[in-house]
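In case you want the letters, here they are:
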Amino acid sequence: MALKLDISKAYDKVNWNFLYVVLSKMGFRGRFLNVIKVAVENVHYSVIVNDTPWGFFKFGKGLRQGAPLSPYLFIMVAKVLSRNFSHLIRNRKISGVKAASTLPPVVMQQFVDDTFLFGQSFVIEAKEWKHLLEDYALASGQIINYNKSKIYFFNMDRNLQGKLMQILGCCVANLPDSYLGLPLTIKEVTPQFWESILERMQKKLVG
């Protein structure tokens, strides 16, 4: 099975204390950490009223979108989730999936705030996923929108599908679908398959 997570307003919900603990564990301390704190916390927002900025509001959480540093800080926060899933694999609580018998199992793929999970279609594996995701959300401030998250099954009994959907609280999705603007499919990829993608890329390059 595969699970595409939808994280609501990922940047806006980051818990600052959690971020600082993560940075400290990664070796960022002292003056450098203080500089990061200033960059993160010294941000004010205004509300546009009749095309005019009004007032200043200081937030107590979140990373400013558009700031060059924000994606790197967010990746460090998200790395916690990745490492915890790897820990579950090492302890054999989950299996992940293998692209080949000689390769290590893969359970998670991330691109900033886009996250995909892969695993065996077992009830115990789904429970471990849900438990870890809830712990991560509580600690980091992230909110996982299970209603918008998607789960994919492959050649599975419908009764088992229902149990896994109930545990994870997600809707089932079918392929083909899209991820990061690219189509997802289990069928053989033909040259015609990429035509729409090439057209979009050409339009962006021209524009």
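Below you will find a few notes about this structure.

Some details on the overall build of the protein chain
Inference 1: In terms of regular secondary structure, the protein chain is built from six helices and 11 strands.
Inference 2: Along the first, second and third principal axes, the C-alpha set of the protein chain runs to 55 × 50 × 35 Å.
Inference 3: Looking at the 207 residues of the protein chain, the share that counts as buried comes to 33%.
Inference 4: In the protein chain, once contacts between residues fewer than 6 apart in sequence are set aside, the share between residues at least 24 apart is 59%.
Inference 5: Total accessible area computed for the protein chain in this model is approximately 13600 Å², and 55% of it derives from carbon and sulfur atoms.

Observations regarding the layout of surface pockets
Over the atoms, a rolled probe matching the size of one water molecule traces out where space is still vacant.
Inference 1: Size it by volume and the largest pocket reaches roughly 230 Å³.
Inference 2: In terms of lining, the largest pocket is formed by Y152, F153, F154, N155, R158, Q161, V172, A173, N174, L175 and I186.
Inference 3: Looking at the lining of the largest pocket, the elements that each hand over two or more residues are α5 (158–168) and β9 (171–173).
Inference 4: Classifying every residue of the lining of the largest pocket by side-chain character gives seven nonpolar, three polar and one charged.

Re helix α3 (residues 70–90)
Every α-helix carries 3.6 residues per turn, so stepping three or four residues along brings you back to the same face.
Inference 1: Relative to the 30 Å expected for 21 residues at 1.5 Å per residue, α3 spans 31 Å between its end C-alpha atoms, a close match to the ideal helical length.
Inference 2: Of the residues making up α3, those classed as buried are S70, L73, F74, V77, A78, L81, S82, F85, L88 and I89.
Inference 3: Where α3 is buried, its residues contact α1 (16–25), α2 (30–41), β5 (108–111), β6 (114–118) and α4 (123–140).
Inference 4: Positive backbone phi, approximately 60°, marks R92, located one or two places after α3.

Considering the packing of α1 against α3
Inference 1: Between α1 and α3, whose axes approach to 10 Å, the crossing angle comes to 80°. With respect to each other, α1 and α3 are oriented roughly perpendicular. In contact with F18, L19, V22 and L23 of α1, α3 contributes L73, M76, V77 and V80.
Inference 2: Looking at side-chain class alone, the contact of α1 with α3 contains eight nonpolar, no polar and no charged residues.

Some details on the sheet that holds strand β8 (residues 150–152)
Inference 1: A sheet is described by the order of its strands in space; here five strands give the open sequence β5-β6-β1-β8-β9, paired in mixed fashion. Each edge of the open sheet is held by one strand with a lone partner, namely β5 and β9. If you compare each strand with its neighbour and ignore which way they point, the axes differ by 25° on average.
Inference 2: In the sheet, β5 pairs with β6 via four bridges, with the strands oriented antiparallel. Residue F111 lies in a different strand from β6, and its bridge partner there is D114.

As for the packing of aromatic side chains
Inference 1: A complete count under the given rule lists five aromatic pairs for this structure.
Inference 2: Aromatic side chains Y11 and F74 sit 5.0 Å apart centroid to centroid with 5° between the ring planes, which places their arrangement in the stacked category. Within this pair, whereas Y11 is found in the loop between β2 (7–8) and α1, its partner F74 is found in helix α3, the two being separated by 63 residues in sequence. The two residues Y11 and F74 agree in class, both being buried.
Inference 3: Through successive ring pairs, a cluster of aromatic residues spans F116, F118 and Y152.
Inference 4: Sitting above the plane of the Y20 ring, K37 keeps its charged end 5.1 Å from the centroid.
Inference 5: The ring of Y146 has K130 sitting right over it, with the charged end atom 4.6 Å from the ring centre.

Focus: the nonpolar core
Inference 1: Judged by nonpolar contacts, the single largest core of 43 residues is most densely connected at L19, F85, W129 and L133.
Inference 2: When contributions to this core are tallied by element, the ones reaching two or more residues are β1 (2–5), α1, α2, α3, α4 and α5.
Inference 3: Here the element with the most residues in this core is α3; it accounts for eight residues.
Inference 4: Not counting residues up to four positions away in its chain, the partners in contact with L19 are V14, V40, L63, L73 and V77.
Inference 5: Counting five residues, the second-largest nonpolar core is a separate cluster that includes F116, Y152, A173 and Y179.

How each quantity is defined
Residues numbered from 1 in each chain as written. Predicted model: local features only at pLDDT ≥ 70, side-chain atom pairs only at ≥ 80, totals over all residues. Heavy atoms only, no water. Helix = DSSP H or I, 4+ residues; strand = E, 2+ residues; numbered from the N terminus. Buried < 20%, exposed > 50% of the residue type's maximum accessible area, 1.4 Å probe, protein only. Contact = heavy atoms within 4.5 Å. Areas by Shrake-Rupley, 256 points an atom, 1.4 Å probe, with all protein chains shown as cover. 1 Å grid on protein atoms, 1.4 Å probe; cavity = no way out; pocket = protein on both sides within 12 Å on 5 of 7 lines; lining within 4 Å. Points joined across faces, edges and corners; volume = space filled by probe spheres on them. Nonpolar A, V, L, I, M, F, W, Y, C, P; charged D, E, K, R; others polar. Expected span 1.5 Å × (residues − 1). Axes fitted to C-alpha atoms, helices over the stretch in contact; angles between N-to-C directions. Parallel < 35°, antiparallel > 145°, perpendicular 65-115°, else oblique. Pairing = 2+ DSSP bridges. Phe/Tyr/Trp six-rings, centres within 6.5 Å; stacked < 30°, edge-to-face > 60°. Lys NZ or Arg CZ within 6 Å of the ring centre and 35° of its normal. Core = buried A, V, L, I, M, F, W, Y, C linked by side-chain atoms within 4.5 Å.

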